[in-house]
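The chain contents come next:
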Amino acid sequence: MTDIRQAPIGVFDSGLGGLTVAREIMRNLPTEKIVYFGDTARVPYGNKSKETIIRYSRQIVRFLQTQEIKAIVIACNTATAYALDVLQEEVDVPVIGVIESGAHMAVDSTRNKQIGVIATKATISTHVYTDTISRMDPEINVISQACPLLVPLVEEGWIHDQITDEIIMRYVDDLIEHDIDTLILGCTHYPLLRSEMRKLLGDRVTLVNPAYETAKALEQLLTEKDLRNIMPKAKDEPTPYRFFVSDDSERFADFANSILPIDVKSAKIIPIEEY
Ligand code: DGL
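Visitor: Help me out: how do you make sense of helix H8 (residues 162-177) in this one?
Guide: An α-helix turns once every 3.6 residues. As a result, residues three or four positions apart point the same way. Taking 1.5 Å of rise per residue, 16 residues should cover 22 Å, and H8 covers 22 Å from first to last C-alpha, within 8% of that figure. At Tyr-171, H8 shows its maximal bend, which comes to roughly 40°. Two to three positions downstream of the cap, the backbone nitrogen of Ile-163 sits 2.9 Å from a side-chain oxygen, assigning the N-cap of H8 to Asp-161. A positive phi of about 60° marks Asp-179, the residue just after H8.

Pasting the structure below:
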């Protein structure tokens, strides 16, 4: 490829959830190409160890590098929490995760300095959101809650469901007790529960979607590094989005079609353990 700016952005996640990030990138940066990898064979990452998540992330990055990507977005809170620093050290293209920009938005939006964070067990156990927010404003109190049942509920399609509402309420009960006015949806699947959360928490609590904030941060990063693709898409150019998974490509395509603004015909299966 002659012009690096026309190279795709590599986006990866433990599975389907990172599509919420890909969706925001598609909306915010419509001229950019995307290579998405979902590790559907090894999901969830949210209850795995640091060593395992770093090993998986390195394998995925090695695969993405075969696709000549110009930047990498870790579209997974858990992988960002454990592997962002390591990958930024090791990889020769810019790498961003989803945590910093979500934390930033929450700090900007809180009025009473009480911020709630919901995420996987692994993300919560790293204290990464708390540490990042404390660095930005030490006066802010962060109340964290792991919500391990929410990912399977979303993947099961139980989004508008009374059982899901009851589980959400049980998880956020303590956060409400602490009078939070801002809640970070710190797991890729949770933005899909946004309308339920809005209904249950009311307008008083600002919901922060790190996927949306990450797409804005990516735009800024590409602009700073002179990596924006400014070429309009040619008429006969093939679709600028390619999808790869480690297992069950049909389920992935079904899920992708339910949330993306494009038609995903298929996802190619990659033997990721070989990378
Ligand atoms: N993508 C993960 C995250 O954002 C959620 C799913 C998982 O546990 O792998 O933390």
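Having seen the structure, we can now continue with the description.
Visitor: Looking at this structure, I do not really get the pattern of salt bridges. What am I missing?
Guide: Note on pairing: side chains with opposite charge can pair once their charged atoms come close. Tallied over the full model, the rule gives 17 salt bridges. One salt bridge in this structure joins Glu-32 and Lys-70, with 2.6 Å as the shortest N-O distance. Placement of Glu-32 in the loop between helix H1 (19-28) and strand S2 (34-38) and of Lys-70 in the loop between helix H2 (50-65) and strand S3 (71-74) is noted, with a sequence separation of 38 residues between them. For the pair Glu-32 and Lys-70, a shared accessibility class is recorded, and that class is buried. The residue Arg-251 makes a salt bridge to Glu-155 at a minimum N-O spacing of 3.4 Å. Placement of Arg-251 in helix H11 (residues 249-259) and of Glu-155 in helix H7 (residues 150-155) is noted, with a sequence separation of 96 residues between them.

Visitor: Just to check I follow, could you spell out the site of the ligand for this structure?
Guide: Near the ligand there are 13 residues, and of these Asp-13, Ser-14, Tyr-45, Gly-46 and Thr-78 occur at the shortest range. Between the ligand and Tyr-45, the relevant distance is 2.7 Å, taken from an oxygen atom to a main-chain nitrogen or oxygen of the residue. Relative to its free-state accessible area of 300 Å², the ligand is covered by the protein chains to the extent of 99%. Classifying every residue of the shell around the ligand by side-chain character gives five nonpolar, seven polar and one charged.

Visitor: What exactly am I supposed to notice about the side chain of Thr-120 here?
Guide: Residue position: Thr-120 is located in the loop between strand S5 (114-119) and helix H5 (121-126). Reaching out from Thr-120, the side chain makes a polar contact with the side chain of Thr-78 at a distance of 2.9 Å. A polar side-chain atom of Thr-120 sits 3.1 Å from a polar atom in the side chain of Thr-123. Here Thr-120 is in contact with Gly-46, Thr-78, Ala-146, Cys-187 and Tyr-190, once residues within four sequence places are set aside.

Visitor: I would appreciate a short explanation of the packing of helix H4 (residues 99-109) against helix H6 (residues 128-136) in the present structure.
Guide: When two helices pack together, their arrangement is captured by the angle between the axes and the distance separating the axes. For the pair H4 and H6, the least separation of the axes is 9 Å and the interaxial angle reads 55°. Considered as vectors, H4 and H6 are oriented oblique to each other. For the element pair H4 and H6, the recorded crossing hand is right-handed. Contacts from Ile-99, Glu-100, Ala-103, His-104 and Val-107 in H4 reach Val-128, Tyr-129, Thr-132, Ile-133 and Met-136 in H6. Class assignment for the residues of the contact of H4 with H6 results in seven nonpolar, two polar and one charged.

What counts, and where the lines are drawn
- Sequence positions are assigned chain by chain, starting from 1 and proceeding in written order.
- Local features in a predicted model are, by the rule used here, given only for residues with pLDDT of at least 70; side-chain atom pairs are given and counted only at 80 or more, and totals for whole chains, interfaces and linings are based on all residues.
- Processing note: side-chain calculations cover all non-hydrogen atoms of the structure and skip hydrogens and water entirely.
- Strands are runs of DSSP state E lasting at least 2 residues, helices are runs of H or I lasting at least 4, and numbering of each runs from the N terminus.
- The length a helix should cover is 1.5 Å for every residue beyond the first.
- The bend reported for a residue corresponds to the angle between axes fitted to the seven residues ending at that residue and the seven starting there.
- Pairs of N or O atoms are called polar contacts if they sit within 3.5 Å, as long as, within protein, a hydrogen donor faces a hydrogen acceptor (for residues adjacent in sequence, only side-chain-to-side-chain pairs).
- The term salt bridge refers to a pairing of a side-chain nitrogen on Lys or Arg with a carboxyl oxygen on Asp or Glu at a separation within 4 Å.
- Using a 1.4 Å probe on the protein chains alone, a residue whose accessible area is under 20% of its type maximum counts as buried, one over 50% counts as exposed, and one in between counts as partly exposed.
- We call a residue near a molecule or strand as soon as one heavy atom of that residue lies within 4 Å of the molecule or strand.
- The accessible surface values rely on the Shrake-Rupley method and a 1.4 Å probe; as for residues, cover is taken only from the protein chains in view.
- Residues are grouped as follows: Ala, Val, Leu, Ile, Met, Phe, Trp, Tyr, Cys and Pro are nonpolar; Asp, Glu, Lys and Arg are charged; every other residue, Gly included, is polar.
- Contact between two residues is taken to exist if any of their heavy atoms lie within 4.5 Å; hydrogens are not considered.
- Interaxial angle, 0 to 180 degrees, is taken between N-to-C directions of lines fitted to C-alpha atoms, where a helix line uses only the stretch in contact.
- An angle below 35 degrees is read as roughly parallel, one above 145 as roughly antiparallel, one from 65 to 115 as roughly perpendicular, and any other as oblique.
- Crossings are classed by handedness, with left-handed meaning an anticlockwise turn of the near helix from the far one by less than a right angle and right-handed meaning a clockwise turn.

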